[in-house]
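# Report on the structure
So you can see what is in the structure, the chains are spelled out below.
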Amino acid sequence: MITLAQLNAASQAEFTQLLDGTYEHSPWIAAQAWERRPFTSLAQLKLALVDAVRQAPPEAQLALIRAHPELAGKAMPGKTLTAESTHEQGKAGLSDCTPAEFARIHQLNAGYNARFGFPFILAVRGPRGLGLAKPEIIATFARRLDNHPDFELAEALRNIHRIAEIRLNDKLGHSPDLGNRVWDWAEQLSAHSDAGYAERGELTVTYLTEAHQACARQLAQWMRDDCGFDEVSIDAVGNVVGLYHGSPSQDRQARRLLTGSHYDTVRNGGKYDGRLGIFVPMACVRELQRQGRRLPFGIEVVGFAEEEGQRFKATFLGSGALTGQFDAAWLDQQDAGGITMREAMAQAGLRIDDIAKLQRDPARYLGFVEVHIEQGPVLNALDLPLGIVSSINGSVRYVGEIIGMASHAGTTPMPGRRDAATAAAELALYVEKRGGSEEHLVATVGMLEVPGGSINVVPGRCKFSLDIRATTNAVRDACAADIVHELQALCQRRGLHYRLEETMRAAAAPSAPDWQQRWERAVESLGLPVFRLPSGAGHDAMKLHEIMPQAMLFVRGLNAGISHNPLEAITNDDAELCVRAFQNLLDQLATEFS
């Protein structure tokens with residue numbers, strides 16, 4: 001094993017030799033990273049190696065990709081793979097493929113090389129480091145064949161960096177045990193899925209289904225038995241609440257840090273959206289309990305029962321109950337099967353009369369922090385594991401309809417048509433242009449529908465949706481006003497009329513400056529750069545923002561940061577950094593409030 005101290009003291013030649021094999025046949029990467037010594041952490045060393053590749057000319061990056069062998073290619077039986085590649089491909093079972101698997105992989109290799117001109121690169125030891133299953137490898141191979149060449153080249157480099165990260169861990173004897181704990185919890189909790197989805201291997205957990213209640217029980221058990229929380233309960237709306245009291249003597253009256261996220265999912269979603277924000281502070285409490293350590297404040301971790309609005313139309317139900325904003329009218333909402341929320345709560349054994357008691361007194365809390373997967377491509381594209389959220393975007397949503405005149409597609413002259421669909425298309429193009437006119441503003445037409453449309457009929461009606469988000473309410477509202485004005489103008493010009501209904505409005509939630517700075521210091525403590533970004537997605541922190549200061553930490557997702565999708569993923573190393581950053585934030589608070 002080698003150490004950071006050894007690497008920091010090494011000459012450039014010694015440093016390069018010590019890191020030999022980290023990047024396949026490319027010693028120049030280590031030689032360039034050497035210039036950034038001394039390294040205060042393994043994460044800082046990894047990032048220096050990544051930056052050496054990012055700053056290299058395109059021909060050097062391409063040469064690095066081409067230095068890697070094909071998966072289960074000719075080099076394997078010929079025994080010309082490096083020791084590292086032999087170990088990795090063997091760990092994934094690629095040295096023991098069936099004839100059919102070899103044939104499929106060779107077919108994919110040929111198609112990939114023909115399309116991109118370089119070998120397919122995949123970190124086959126996977127996000128946990130234990131090795132991917134062959135069916136997953138083959139499925140990923142086939143999926144990535146459809147990528148744009150520029151994107152695929154970047155994806156190949158990202159996989160090379162993951163390969164190097166695992167090799168560095170091996171060289172320095174580093175095991176991301178805290179990250180493994182978080183990753184394993186996520187994997188185990190994903191075993192619970194709603195009926196109809198579980199049978200297809202899809203993860204769906206909606207409010208108060210059997211799978212949802214099983215998740216709540218599992219979280220409560222882990223908090224109680226594995227992590228050592230002092231009090232664990234499932235409250236009147238299904239939130240799982242764990243309390244770890246402060247010092248001295250487990251002071252139950254001490255002010256608390258509030259944290260957590262949601263454990264429900266969208267349909268056919270991912271394993272980390274929301275849930276990561278429960279597991280990371282759970283891991284921190286687990287370590288505190290194992291060390292016999294108390295902080296001068298309590299820690300309250302809440303697994304919010306509902307955020308996604310999938311079974312019923314209510315959203316942020318779990319966190320809204322804590323802010324005193326549970327709407328009693330929600331109780332009469334029905335799911336697709338005709339079951340009301342009131343009935344679902346009764347079947348789950350929840351006490352509706354106790355919901356009002358869930359409202360928290362902000363004076364008892366220091367603030368709210370939330371860890372969350374980014375759900376976007378920014379951190380992934382920058383090769384940064386962590387980012388600090390500057391603001392959660394404010395949003396407004398509409399559903400609308402343009403009404404014209406349905407008529408015969410063959411007999412109606414073009415100038416006389418009152419085509420609702422082409423008007424909606426014109427509006428959608430304007431929305432795209434206006435949404436791209438300012439930084440941190442986005443606007444989307446997510447749904448377009450011609451009710452009862454026919455191939456030989458000029459559309460007389462077209463339904464559409466609008467989703468507008470920005471870091472400030474003013475920017476959001478100005479965009480919305482411009483879009484409505486454009487809708488009015490194009491309908492007047494085309495002889496149409498429209499209906500438009502606002503269905504949701506949420507205020508922007510800028511991070512509290514002092515709490516954002518704590519996250520920034522926590523990230524810096526890991527030897528990582530501070531990168532700030534807004535959140536385009538909504539989070540439970542938006543609700544807590546209404547009654548107390550809040551700030552969020554993002555972790556990058558794999559597969560271009562995709563979320564609300566089965567491809568949503570993180571690595572154990574990035575999960576480790578999340579836990580370490582959260583521990584540092586706790587240490588900062590302990591110093592401040594001691």
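Our subject in this report is the structure included herewith. Each chain carries its own residue numbering, running from 1 in the direction its sequence is written. Thresholds applied to this predicted model are a pLDDT of at least 70 for local features of residues and 80 or more for the giving and counting of side-chain atom pairs; totals over whole chains, interfaces and linings are not thresholded and use all residues. For the side-chain quantities, the full set of heavy atoms in the structure was used; hydrogens and water were omitted.

So, on to the overall build of the chain. Helix and strand assignments follow DSSP, with helices taken as H or I runs no shorter than four residues and strands as E runs no shorter than two, numbered in order from the N terminus. Along the backbone of the chain there are 20 helices and 16 strands. A compact globule built from 594 residues should have a C-alpha radius of gyration of about 25 Å, and the chain, at 26 Å, falls within 12% of that. Along the first, second and third principal axes, the C-alpha set of the chain runs to 75 × 70 × 45 Å. The rule is simple: take the accessible area with a 1.4 Å probe, protein chains only, and divide by the maximum for that residue type; under 20% is buried, over 50% is exposed, in between is partly exposed. Within the chain, buried positions represent 56% of all 594 residues. Only heavy atoms matter for contacts: two residues are in contact if any of them lie within 4.5 Å across the pair. Residue pairs in contact within the chain that sit at least 24 positions apart in sequence constitute 76% of those at least 6 positions apart. Reported accessibility uses the Shrake-Rupley method at a 1.4 Å probe radius. Residues are deemed covered only where the shown protein chains occlude them. As presented, the chain carries roughly 24,900 Å² of accessible surface, and 52% of it is formed by carbon and sulfur atoms. Radius of gyration here is computed from C-alpha atoms only, and the compact-globule reference equals 2.2 Å multiplied by the residue count raised to the power 0.38.

Turning our attention to the environment of Leu62. Secondary-structure assignment places Leu62 in helix H5 (residues 58-66). Along the backbone, Leu62 and Gly117 are 55 residues apart, and their C-alpha atoms lie at a distance of 9.6 Å. Every residue in contact with Leu62, bar those within four places of it in the chain, is listed here: Phe118 and Leu153.

Now for the packing of helix H12 (residues 276-291) against helix H20 (residues 572-592). Lines fitted to C-alpha atoms define the axes, with helix axes restricted to the stretch in contact, and inter-axis angles between N-to-C directions lie between 0 and 180 degrees. Following both chains from N to C, one finds H12 and H20 inclined at 60°, their axes separated by 9 Å at the closest point. Seen from above, H12 lies across H20 with right-handed handedness. On H20, the residues touching Val280, Pro281, Ala283, Cys284, Glu287 and Leu288 of H12 are Cys578, Val579, Phe582, Gln583 and Leu586. Looking at side-chain class alone, the contact of H12 with H20 contains 9 nonpolar, 1 polar and 1 charged residues. In this scheme, a crossing is called left-handed if the near helix is turned counterclockwise away from the far one by less than a right angle; it is called right-handed if the turn is clockwise. By the convention adopted, Pro, Cys, Tyr, Trp, Phe, Met, Ile, Leu, Val and Ala count as nonpolar, Lys, Arg, Asp and Glu as charged, and the other residues, Gly among them, as polar.

Turning to unusual backbone geometry, a few remarks are in order. Between Arg37 and the following residue, Pro38, the backbone shows a cis peptide bond with an omega angle of -5°. Here Pro38 shows up in the loop between helix H3 (27-33) and helix H4 (42-54). Despite not being glycine, His25 shows a phi value in the positive range, around 50°. Tracing the backbone through its elements, the reader meets His25 in the loop between helix H2 (12-18) and H3. Its identity as a non-glycine residue notwithstanding, His564 has a phi of 55°, on the positive side.

Another point: the packing of helix H7 (residues 99-116) against helix H8 (residues 134-144). At their nearest, the axes of H7 and H8 sit 10 Å apart, and the two run at 25° to each other. Classed by the angle they form, the pair H7 and H8 counts as roughly parallel. As H7 runs across H8, the sense of the crossing is left-handed. In this structure, H7 uses Glu101, Arg104, Ile105, Leu108, Asn109, Tyr112 and Phe116 to contact H8, whose residues at the interface are Lys134, Ile138, Phe141, Ala142 and Arg144. Partitioning the contact of H7 with H8 into residue classes produces 7 nonpolar, 1 polar and 4 charged. When describing relative orientation, an angle under 35 degrees is termed roughly parallel and one over 145 degrees roughly antiparallel, while 65 to 115 degrees is termed roughly perpendicular and anything else oblique.

With 7 of its 7 residues buried, strand S3 (residues 256-262) lies for the most part within the structure. Neither face of S3 is open: one carries Arg256, Leu258, Gly260 and His262, the other Leu257, Thr259 and Ser261, and all of them are buried. The criterion for strand pairing is that DSSP finds at least two bridges linking the strands in question. Here S3 runs beside strand S4 (residues 298-304); their pairing, made up of 7 bridges, is parallel. Across the sheet, residue Leu257 finds its bridge partner in S4, namely Ile299. Handedness of a crossover is defined as follows: orient the strands so they point away from the viewer, and if the path from the first strand over the helix to the second runs clockwise, the crossover is right-handed. Assessed by its sense of winding, the connection that carries the chain from S3 through H12 to S4 is right-handed. Both S3 and strand S5 (residues 365-373) contribute to a ladder of 4 bridges, which runs parallel. Paired with Arg256 across the two strands is Tyr365, which belongs to S5.

Each aromatic ring pair is summarised here by two numbers: the centre-to-centre distance and the angle between the ring planes. Stacked, edge-to-face and tilted are the three classes for Phe, Tyr and Trp ring pairs, Trp counted by its six-membered ring, which pair at centre distances within 6.5 Å; planes under 30 degrees apart are stacked, over 60 edge-to-face, the rest tilted. Scanning the model with the defined rule gives 14 aromatic pairs in all. Summarising the aromatic geometry, the rings of Phe116 and Phe118 are spaced 5.8 Å apart at their centres and angled 25° between planes, so their arrangement reads as stacked. When sorted by exposure, Phe116 lands in the same class as Phe118, which is buried. An aromatic cluster is defined as three or more aromatic residues linked by ring pairs; in this entry it consists of Tyr112, Phe116, Phe118, Phe120 and Phe141. Definition used: whenever NZ (Lys) or CZ (Arg) falls within 6 Å of the ring centre and also within 35 degrees of the ring normal, the charge is taken to sit over that ring. Sitting over the ring of Tyr244, Arg294 keeps its end group 4.2 Å from the ring centre.

Attention now goes to the pattern of salt bridges. Between side chains of opposite charge, a pair can form as their charged atoms come close. When a carboxyl oxygen of Asp or Glu lies within 4 Å of a side-chain nitrogen of Lys or Arg, that pair is called a salt bridge. This structure, assessed with the given rule, holds 44 salt bridges. In this structure, Glu401 and Arg461 form a salt bridge, with 2.5 Å as the shortest nitrogen-oxygen distance. Within this pair, whereas Glu401 is found in strand S7 (residues 394-403), its partner Arg461 is found in strand S12 (residues 461-470), the two being separated by 60 residues in sequence. Here Glu401 falls in the buried class, since its relative accessible area comes to 7%. When its relative accessible area of 36% is taken as the criterion, Arg461 is described as partly exposed. Taking the shortest distance from any N to any O, the salt bridge between Arg518 and Asp514 comes out at 3.9 Å. Placement of the pair is Arg518 and Asp514 together in helix H18 (residues 513-524), with a separation of 4 residues, close to one helical turn. Overall, the relative accessible area of 38% leaves Asp514 in the partly exposed class.

Looking now at H18. Here the expected length of a helix is defined as 1.5 Å per residue gap, with one fewer gap than residues. In this model H18 runs 16 Å from its N-terminal to its C-terminal C-alpha over 12 residues, within 8% of the 16 Å that 1.5 Å per residue would give. Residues Trp515, Gln516, Arg518, Trp519, Glu520, Ala522 and Val523 constitute the buried set of H18.

On to the nonpolar core. Residues Tyr207, Met282, Met341, Met345, Leu386 and Trp519 are the most contacted members of the largest nonpolar core, which totals 103 residues. Ignoring anything within four residues of it in the chain, the contact list for Met345 reads Tyr207, Leu208, Ala236, Val237, Phe326, Leu331, Leu350, Ile352 and Ile355. Put simply, buried Ala, Val, Leu, Ile, Met, Phe, Trp, Tyr and Cys residues joined by side-chain atoms within 4.5 Å make one nonpolar core. Formed by 46 residues, the second largest nonpolar core is a distinct cluster that contains Ala33, Leu42, Phe116 and Ile163.

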